[in-house]
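Each chain, written out:
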Amino acid sequence: MIKKLIFIILFAFQCLNIKADEGMWLPMLLQSINADAMYSKGLKIPIDSIYSVNKTSLKDAIVLFGGGCTGEIISNKGLLLTNHHCGYSQIVSHSTVDHDYLTNGFWAMNMSEELPCPGLTATFIIRMDDVTDTILNQVNSITNEDERNNKIRVIADQLIKSATNGTQYKAEVKPFYYGNKYFLIITETFKDIRMVGAPPSGIGKFGADADNWMWPRHTGDFSVFRIYSDKDNNSAEYSKDNIPYTPRYSFPISINGVKENDFTMVYGFPGRTQEYIPKEAVRTIIENTDPNRISLRDTRLKIMDKYIRSNDTTRLQYASKYAGVENAYKKWQGEVLGLKRLNAIEEKSAFENKFIRWANDVKDGKMYVNSINQLNELYIKIRPYSIAVDYYTEALKGIELMNFVNNFSKLESLAKEQPANEKAIRDAADNLINASKGFFKNYNASIDREIFSRLIKAYRTGTPAEFEADLSFIDKKFKGDYEKYADYVFSKSHFSTLEKCEKFLQSFTAKKLKSLTNDPAYHLLSLGNAAFAEKVKQPNNDLQKQIELMQRTYMKGQMEMAADFKQKIYPDANSTLRVAYGKVEGYEPRDGIMYKYYSTLTGVLEKYDPNNYDYRAPEKLLELYRKKDFGEYSSNGNITPCFLASNHTTGGNSGSPVLNAYGQLIGTNFDRVWEGTMSDIMFDPERCRNISLDIRYTLFIIDKLAGARWLIDEMNIIK
Ligand code: ARG
Ligand code: ASP
């Protein structure tokens, strides 16, 4: 005990691996874990006004927007604010070359002009209950992982059923801290969401990919939607009779501005972080995963870019795809730089040594020491498989045609049934005809053919030899000429144009099985899939399961160690509702440079270049700037589009409300700075900053540029 005490005293300061402003905290635990820190940083409202089950709280104005973004409610008529890049695919799908809302913006001038968005959803969190004891008490004695998971599923199903019976709510049970805690999350999903407005790309995507993940930033990254409900304010499928939803709460909007050192919090749905992984996992990211993926995506992006810039139809077809591929591509580059600069592997290693020293002195300590040692070994073992997975997903499946033909495996298995069920085959083929129409609407075979030849070559060179599909026929039949091979596949395959594909599907019967399996595109994918299934998938999954188990134990140890040091640790992000808090502040990106915490419209003019696709801006914005026609949204005679703060955020936090000490909306989160993108793995309080759109810029655009004053009139503006 004395030894332990001395250890604690000696290492108390060095061991605090959680740094200032780091953390994405569970809203229902703020009271017990974070209240002191939040008040000392300047929070001015009761903690239970942030999250509460028995009365309305800030959480009632926050939604999971679509699959992976956050949105906030900004009027009592269900008006919803999120990012431009979160509404992007909706904006694109309402756009045509003639009605190019993507380029020119879109603004409904009354509710009847708002555009339905089939498939789009907005999900509120009703409450989150700690069900850890219920679950762990029943599974703690189970040693087999599969058995444990099955049992958890059964318990979870019961919990979900009893929590949602007789309501229109849904629920799920999610693990936190790698299965050391479980929460039951009860949600309400709305399905009639309509597009209300989006600025022109020259505002909403100003700076495009060149500025993405960068400061200084001048992007007006917002779009506006509205939630509709049935007459009783309940969630309902789209109907023209639906009415604007009356939310439990909507954010008051402060136009008083942001000052350096002001308290801020970001309240939203961060997707995934990996703050508690061991050093060998970090090594794989730095040395293998990130560099491999970066280089494979670089190939795709260069080819797409060439086509997008020269043709408007292609630009609309590929805008969303390009943005998706580019976004992670660029982030990974910043991540590698950041991790290297932090000496992340050495840092982890030093922490693990301390962990072991701590564990040597506690009950169950052997188990903890074993977990970290095993974990590192497992990560070394799984490394070649991880590389193979990356080449499979980013090279082979980085080809659109390969993803598309993947859908046809259903047809193959149906045609192989004895006796074949021709009716089922017909139904499947008809479904595929529909899917094909969707696919080819946004497909350019010239782009994909170029990508194909490059990525197949990369797949063969990069996949570790023992996991590779045997594609030696390319050497024999095509003399290793990937261009020739690509020409052959794209000219001979049934699946490279809509016409051929439809013709093939219309006449497909069980007898034609060979014409499917011999199709050069389908054949190639089958080889790739088979090699992956036989050599990679199972061993990778098995290792993954062992990793999960060890990571759970290691996490448990880290939690216990933190408790010994009176330190608080947050669970890794898992797309559940979290609160991050920090303050408005700039940072020093490199030696000798200090970045301010805000940008101004003057910077839009500095970057403006009508000849550069990335830096076009609408004439009207320039005119408003020249006339200084800023309404009530200015600050020191200028408009401030964006600001920086030290809130710990990640992908999924886009669109999150950024709130001041009074819980009023001051901005919308949309990005992080380049020097801080390693925050998903290791946080650096010196350099990790989230980038927010200043709410006054949003209002300025809606009011002055779009002339949609009717929307401002709906909002509760605090002056
Ligand atoms: N980096 C931001 C985020 O991760 C914005 C992404 C959208 N912009 C883009 N150019 N792809 O979502
Ligand atoms: N831009 C990200 C998002 O879409 C946010 C981030 O990664 O910082 O959620």
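Reading guide: rules and limits
Residues numbered from 1 in each chain as written. Chains lettered and ligands numbered in written order. Predicted model: local features only at pLDDT ≥ 70, side-chain atom pairs only at ≥ 80, totals over all residues. Heavy atoms only, no water. 1 Å grid on protein atoms, 1.4 Å probe; cavity = no way out; pocket = protein on both sides within 12 Å on 5 of 7 lines; lining within 4 Å. Points joined across faces, edges and corners; volume = space filled by probe spheres on them. Helix = DSSP H or I, 4+ residues; strand = E, 2+ residues; numbered from the N terminus. Nonpolar A, V, L, I, M, F, W, Y, C, P; charged D, E, K, R; others polar. Core = buried A, V, L, I, M, F, W, Y, C linked by side-chain atoms within 4.5 Å. Buried < 20%, exposed > 50% of the residue type's maximum accessible area, 1.4 Å probe, protein only. Contact = heavy atoms within 4.5 Å. Near = heavy atom within 4 Å. Polar contact = N/O pair within 3.5 Å; in protein donor to acceptor, adjacent residues only side chain to side chain. Areas by Shrake-Rupley, 256 points an atom, 1.4 Å probe, with all protein chains shown as cover.

### Considering the layout of surface pockets
Step number 1: Looking at the second largest pocket, its volume works out to about 810 Å³.
Step number 2: In terms of lining residues, the second largest pocket is bounded by 33 residues, among which S201, K205, A208, Y613 and D614 are the most central.
Step number 3: Broken down by element, the residue count for the lining of the second largest pocket peaks at 8 residues, all from helix α11 (residues 312-341).
Step number 4: Looking at the lining of the second largest pocket residue by residue, the class counts come to 17 nonpolar, 4 polar and 12 charged.

### Concerning the nonpolar core
Step number 1: In this structure, M38, I50, I227, M265, L621 and F700 are the most contacted members of the largest nonpolar core, which totals 106 residues.
Step number 2: At 7 residues, the largest contribution of residues to this core is made by helix α25 (residues 695-705).
Step number 3: Ignoring any residue separated from it by four or fewer positions in sequence, one finds F700 in contact with L601, L621, L624, D629, F630, Y633, I639 and L705.
Step number 4: With 100 residues, the next largest nonpolar core counts I425, I447, L471 and I474 among its residues.

### What to know about the side chain of T649
Step number 1: Here T649 shows up in the loop between β15 (642-645) and β16 (657-659).
Step number 2: The class for T649 is buried, based on a relative accessible area of 2%.
Step number 3: The residues touching T649, leaving out its near neighbours within four places in the chain, are M24, V266, N669, R672, S679, D680 and N690.

### Here's the deal with empty space enclosed by the protein
Step number 1: This model, assessed by the stated rule, comprises 3 cavities of 30 Å³ or more.
Step number 2: If you add up the space inside the second largest cavity, you get close to 40 Å³.
Step number 3: Around the second largest cavity, the lining residues are A388, Y392, Y459, T463, F467, G528, F532 and V536.
Step number 4: Among the elements of the structure, α13 (365-395) and α22 (520-564) are those that each provide at least two residues to the lining of the second largest cavity.
Step number 5: Counting residues per element, the lining of the second largest cavity draws most heavily on α22, at 3 residues.

### Re the site of ligand 1
Step number 1: Around ligand 1, the neighbouring residues are H85, K205, D209, N212, W213, A323, E326, N327, S654, F670 and D671.
Step number 2: H85 places a side-chain nitrogen or oxygen 3.0 Å from an oxygen atom of ligand 1.
Step number 3: Here a nitrogen atom of ligand 1 sits 2.7 Å away from a polar atom, N or O, in the side chain of N212.
Step number 4: Protein chains shield 89% of the accessible area of ligand 1, which is 340 Å² for the free molecule.
Step number 5: Put simply, the parts of the chain that give the shell around ligand 1 at least two residues each are α11 and β17 (665-672).

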